[in-house]
Protein chains: 2
Amino acid sequence: MTKLSSEEIQSKLQTLNNWSFEDNFLQKQFGFKDFSEAFGFMSRVALIAEKLDHHPNWSNVYNKVDIRLQTHDAGGITEKDFKLATLIDKIA
Amino acid sequence: MTKLSSEEIQSKLQTLNNWSFEDNFLQKQFGFKDFSEAFGFMSRVALIAEKLDHHPNWSNVYNKVDIRLQTHDAGGITEKDFKLATLIDKIA
């Protein structure tokens with residue numbers, strides 16, 4: 001996996017739903033009705049992440065889930081991050 | 001639920017396994033073999049949190065899970081946080 005350039009990232013961001021590129025991560029916050037709904041979402045994301053063998057950096061406080069994606073081995077954003085982000089958007 | 005004093009917190013910390021009190025939160029990092037094991041742990045903690053109606057602030061990066069507990073409505077640490085921490089230690 002090769003690291004994408006800033007230009008490639010900005011261009012591909014248009015294909016996602018409200019993700020941003022900050023601190024060398026693709027980032028997005030998701031809001032839900034309550035903890036149960038938020039953790040249900042996290043469980044579905046976990047299954048996809050495990051299947052892709054590509055895992056998010058993420059945090060949760062009650063009904064909020066913050067997700068940050070990066071390909072650690074490439075030192076930046078790769079196609080894998082965009083693939084995972086696209087699948088996460090489909091779940092949310 | 002009444003907020004515990006610093007003295008009460010320091011005393012009760014002795015009953016837990018390696019939690020610390022920082023930034024007005026009870027905190028601990030848990031390490032696992034891989035993401036699957038880490039998320040399995042999170043799922044069990046989620047069920048307990050929902051049952052107690054008391055939810056953690058937490059984050060996960062691959063095999064690491066960072067948990068921070070506080071009773072938001074009380075503006076600090078209460079018995080509820082120690083109860084949840086004790087149950088989390090039992091799972092881990």
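A brief report on the enclosed structure follows. As the structure is a prediction and not an experimental result, all values here were calculated from the model. (Residues numbered from 1 in each chain as written. Chains lettered and ligands numbered in written order. Predicted model: local features only at pLDDT ≥ 70, side-chain atom pairs only at ≥ 80, totals over all residues. Heavy atoms only, no water.)

### Comments concerning the relation of the copies chain A and chain B
Least-squares fitting of chain A to chain B yields an RMSD of 0.0 Å, with the transformation described by 0.0 Å of translation along the axis and a rotation of 180°. Accordingly, the operation relating the two chain copies is best matched by a two-fold axis. Taking the C-alpha atom as reference, chain A places Ser59 of chain A closest to the rotation axis, 1.9 Å from it. Most of the interface of chain A is mirrored in chain B: 100% of its interface residues are interface residues there too. (Least-squares fit on C-alpha atoms with pLDDT ≥ 70 in both. Contact = heavy atoms within 4.5 Å.)

### Overview of the packing of aromatic side chains
Counting across every chain of the model gives eleven aromatic pairs over all chains. Judged by centre distance (6.0 Å) and plane angle (70°), the ring pair of Trp19 of chain A and Phe30 of chain A falls under edge-to-face. You can see Trp19 of chain A sitting in the loop between helix 1 (6-13) and strand 1 (20-22) and its partner Phe30 of chain A sitting in strand 2 (residues 25-31), a full eleven residues away along the chain. On the basis of relative accessible area, Trp19 of chain A is assigned to the buried category, the value being 6%. Phe30 of chain A sits in the buried class, given a relative accessible area of 6%. Their ring planes at 0° and their centres at 5.4 Å tell us that Phe39 of chain A and Phe39 of chain B sit as a pair that is stacked. Pair noted here: Phe39 of chain A is in helix 2 (residues 35-52) and Phe39 of chain B is in helix 2 (residues 35-52), and the two residues belong to different chains. Its relative accessible area of 9% is what places Phe39 of chain A among the buried residues. (Phe/Tyr/Trp six-rings, centres within 6.5 Å; stacked < 30°, edge-to-face > 60°. Helix = DSSP H or I, 4+ residues; strand = E, 2+ residues; numbered from the N terminus. Buried < 20%, exposed > 50% of the residue type's maximum accessible area, 1.4 Å probe, protein only.)

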